[in-house]
Amino acid sequence: ETGVTQTPRHLVMGMTNKKSLKCEQHLGHNAMYWYKQSAKKPLELMFVYSLEERVENNSVPSRFSPECPNSSHLFLHLHTLQPEDSALYLCASSHGTDYYEQYFGPGTRLTVT
Amino acid sequence: ELKVEQNPLFLSMQEGKNYTIYCNYSTTSDRLYWYRQDPGKSLESLFVLLSNGAVKQEGRLMASLDTKARLSTLHITAAVHDLSATYFCAVDVAGYGGSQGNLIFGKGTKLSVKP
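Keep in mind it's a predicted model, so treat the numbers as computed, not measured.

A. Main features of the overall build of chain B. The secondary structure content of chain B amounts to zero helices and 11 strands. The order of helices and strands in chain B, counted from the N terminus, is β-β-β-β-β-β-β-β-β-β-β. Projected onto its principal axes, the C-alpha positions of chain B cover 45 × 30 × 20 Å. Counting only residues that meet the buried cut, chain B has 48% of its 115 residues in that class. Restricting to contacts in chain B with at least 6 residues of sequence separation, those with at least 24 account for 56%. Carbon together with sulfur atoms contributes 49% to the accessible area of chain B, which is approximately 5500 Å² in total. A gap of 4 Å separates the mean positions of the 12 positive and 10 negative side-chain charges of chain B.

Structure follows, in structure tokens:
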């Protein structure tokens, strides 16, 4: 595997379900990010991890819970989501959080029913 | 409020023509990125602009940054169908009131190049 991978690529879940999105980067980077891309809004940064420590949480509801067990893996745990949470969730990584371009994964298309 | 505005949001152009996409931003920053996104795909990094006056070119695309005017442009020369995609600019506000790694994205410009 190369670059940034995400699983699953598509996910349909009910509002009472609990699921997790997984991201893995194979680039030796130290920073990882979660973004939300919905049809009606620009790409929104959700969380930033640097060296496995969360450095940014952009006022994201608690029904989204990130986890970064090591510098190569990032998870987004989902529970009791709302239909408006349906979106494309993108993971990205970079060498660091300053002055470094971010490399994006293919995304997980999430539909909440 | 930090704003990144792209225009146009939709652009339909004929092959062989030239056009420019504009990215204006409302905060101080000297780092700006351009990305391309094909339908159903992820974002692909095109250009990284790290200083005032930076200009970068790759094939038919050329990007520039004017930090004093808070403006970046993406110029398309002699467009071809393969350039059809959505193009995003993103302003890096780390160190300027934003947190680390904080990219503020524009809404994107959907480009369609027709024969």
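B. Structural view of the nonpolar core. If you look at the biggest cluster of nonpolar residues, it comprises 25 residues, and the most contacted ones within it are Leu32, Trp34, Leu74, Ile76, Tyr87 and Leu111 of chain B. Those elements giving two or more residues to this core turn out to be β2 (10-14), β3 (19-25), β4 (32-37), β5 (43-49), β7 (61-66), β8 (71-76), β9 (85-92) and β11 (109-114) of chain B. If one sorts the elements of this core by residue count, β9 of chain B sits on top with four residues. Excluding its chain neighbours within four sequence positions, the residues that come into contact with Leu111 of chain B are Leu11, Met13, Ile76, Leu83, Ser84, Ala85 and Tyr87 of chain B. Counting residues in each nonpolar core, the second largest holds 22 residues, with Phe47, Phe64, Tyr89 and Cys91 of chain A among its members.

C. Up close: the pairing of strand β11 (residues 108-112) of chain A. All names here are of chain A. Residues Thr108, Leu110 and Val112 line the buried face of β11, whereas the alternating positions Arg109 and Thr111 sit on a face that is not buried. Inspection of the sheet shows strand β9 (residues 87-94) paired to β11 by three bridges, in the antiparallel sense. Its bridge partner lying in β11, Tyr89 is registered against Thr108.

D. Spatial organisation of the sheet that holds β7 of chain B. Residue and element names in this part refer to chain B. Here we have five strands laid out as an open sheet, ordered β1-β3-β8-β7-β6, and antiparallel in their pairing. Unpaired on one side and paired on the other, β1 (4-7) and β6 (55-58) mark the two borders of the sheet. The average angle at which neighbouring strand axes cross in this sheet is 15°, direction not considered. Pairing geometry for β7 and β8, over six bridges, is antiparallel. Opposite Met62, over in β8, you have His75 as the bridge partner.

E. Structural context of the interface of chain A and chain B. Contacts between the two partners involve 22 residues from chain A and, on the opposite side, 20 residues from chain B. Buried area between chain A and chain B, summed over both chains or domains, comes out near 1700 Å², and the portion from carbon and sulfur atoms is 51%. Along the contact surface separating chain A from chain B lie zero salt bridges. When contributions to the side of chain A that touches chain B are tallied by element, the ones reaching two or more residues are β4 (31-37), β5 (44-50), β6 (53-57) and β9 of chain A. In terms of residues, the side of chain A that touches chain B owes the most to one element, β4 of chain A, which gives three residues.

F. Structural view of the sheet that holds strand β3 (residues 18-25) of chain A. Residues and elements named next belong to chain A. Taken together, four strands build an open sheet; the order of strands is β1-β3-β8-β7 and the sheet is antiparallel. The outermost strands of the open sheet, each flanked by one partner alone, are β1 (4-7) and β7 (64-70). On average, each strand axis in the sheet is tilted by 20° relative to the strand beside it, whichever way the strands run. In this sheet, strand β8 (residues 73-79) lies alongside β3 in antiparallel orientation, the contact comprising seven bridges. Residue pairing in the sheet places Cys23 in a bridge with Leu74 of β8.

Rules of the game
- Residues numbered from 1 in each chain as written.
- Chains lettered and ligands numbered in written order.
- Predicted model: local features only at pLDDT ≥ 70, side-chain atom pairs only at ≥ 80, totals over all residues.
- Heavy atoms only, no water.
- Helix = DSSP H or I, 4+ residues; strand = E, 2+ residues; numbered from the N terminus.
- Buried < 20%, exposed > 50% of the residue type's maximum accessible area, 1.4 Å probe, protein only.
- Contact = heavy atoms within 4.5 Å.
- Areas by Shrake-Rupley, 256 points an atom, 1.4 Å probe, with all protein chains shown as cover.
- Lys, Arg positive; Asp, Glu negative; His and termini not counted.
- Charge placed at Lys NZ, Arg CZ, Asp CG, Glu CD.
- Core = buried A, V, L, I, M, F, W, Y, C linked by side-chain atoms within 4.5 Å.
- Pairing = 2+ DSSP bridges.
- Axes fitted to C-alpha atoms, helices over the stretch in contact; angles between N-to-C directions.
- Buried area = accessible area lost by both parts, 1.4 Å probe.
- Salt bridge = Lys/Arg side-chain N within 4 Å of Asp/Glu carboxyl O.

Note that all results are geometric; they support no functional claim without further evidence.
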